[in-house]
Amino acid sequence: WRKVESKTELLRELQVALRKIERNLSISHPKGVTRGEKALAYLSLQNADGKIEVVDVGPVWQKFVTVYVDADGLLREASVPRSVPDSLAPSFIEATGFTLDDYLANFPNPDHQRLTHSGEITLFQLTPTGDYGSLYKLEVTALKKNGGDITEKVQLESAVSVRNI
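Residues numbered from 1 in each chain as written. Predicted model: local features only at pLDDT ≥ 70, side-chain atom pairs only at ≥ 80, totals over all residues. Heavy atoms only, no water.

Student: Help me out: how do you make sense of the layout of surface pockets in this one?
Tutor: It is the rolling of a water-molecule-sized probe over the atoms that shows where space remains empty. Estimated volume of the largest pocket: approximately 230 Å³. Put simply, the parts of the chain that give the lining of the largest pocket at least two residues each are β5 (61-69) and α3 (100-106). Within the lining of the largest pocket, the residues separate by chemical class into 8 nonpolar, 2 polar and 6 charged. (1 Å grid on protein atoms, 1.4 Å probe; cavity = no way out; pocket = protein on both sides within 12 Å on 5 of 7 lines; lining within 4 Å. Points joined across faces, edges and corners; volume = space filled by probe spheres on them. Helix = DSSP H or I, 4+ residues; strand = E, 2+ residues; numbered from the N terminus. Nonpolar A, V, L, I, M, F, W, Y, C, P; charged D, E, K, R; others polar.)

Student: Any chance you could explain the packing of aromatic side chains here in plain terms?
Tutor: Think of a pair of aromatic rings as described by two things: how far the centres are apart, and how the planes are tilted against each other in angle. Under the definition given, this model contains 5 aromatic pairs. Their ring planes at 85 degrees and their centres at 5.2 Å tell us that F64 and F92 sit as a pair that is edge-to-face. With F64 in strand β5 and F92 in helix α2 (residues 92-96), the pair connects residues that are 28 residues apart, well separated along the chain. Considered together, F64 and F92 belong to a single accessibility category, that of buried residues. Aromatic side chains F98 and F107 sit 5.5 Å apart centroid to centroid with 90 degrees between the ring planes, which places their arrangement in the edge-to-face category. By relative accessible area, F98 is classed as partly exposed at 27%. Following the ring pairs from residue to residue traces out a cluster consisting of F64, F92, F98, Y103 and F107. (Phe/Tyr/Trp six-rings, centres within 6.5 Å; stacked < 30°, edge-to-face > 60°. Buried < 20%, exposed > 50% of the residue type's maximum accessible area, 1.4 Å probe, protein only.)

Student: I tried to follow the pattern of salt bridges on my own but got confused; where do I start?
Tutor: Here the idea is simple: oppositely charged side chains can pair when their charged atoms come close. Evaluated as defined, the whole model comprises 7 salt bridges. In this structure, the salt-bridge partner of E77 is K20, at a minimum N-O distance of 2.9 Å. Taken together, the residues E77 in strand β6 (residues 75-86) and K20 in helix α1 (residues 2-26) connect sequence positions 57 residues apart. Between K137 and E139 there is a salt bridge whose closest N-O contact spans 3.9 Å. Residue classification places K137 among the partly exposed residues on the basis of a relative accessible area of 28%. (Salt bridge = Lys/Arg side-chain N within 4 Å of Asp/Glu carboxyl O.)

Student: I'm lost on empty space enclosed by the protein in this one. Help?
Tutor: On inspection of all chains with the given rule, the structure shows 1 cavity of 30 Å³ or more. Of the volumes computed, that of the largest cavity is approximately 30 Å³. Lining the largest cavity are N24, I27, L43, S44, L45 and Q46. Across the lining of the largest cavity, the residue classes break down as 3 nonpolar, 3 polar and no charged.

What follows is the structure, given as structure tokens:
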């Protein structure tokens, strides 16, 4: 029963985390999607109150959201506010001056929100599919010891279309 309980707990955590990422990534802008080593970032329209602001010229891009695997193998999320939110969609490097991996290495923060609380993420990858730069495959693999000598493995994958709104 421990084997089933351990695997089910990890599966639930990963499903909740992936659904959140899918939902938010799908309303991002293709230019604002960035991939790194076990990390991704996307432009977000949500302000600090979780609301979306739209002006005459279009939606206002408020921040980048980074999702990454930390040194303990946990999936974390953090916001990188834009200095001046506007309707132009920059790339991550245009907005921050860093690649995603360099940004995460230079600004580590153990207080970033955990998306998972157990297990160890061994693969977290966003891969472009198709010809238009707006369709991706999101893959995650995690391992978790079930209290004994057996390690459980959970793999999930999903297709995400960056639609912008």
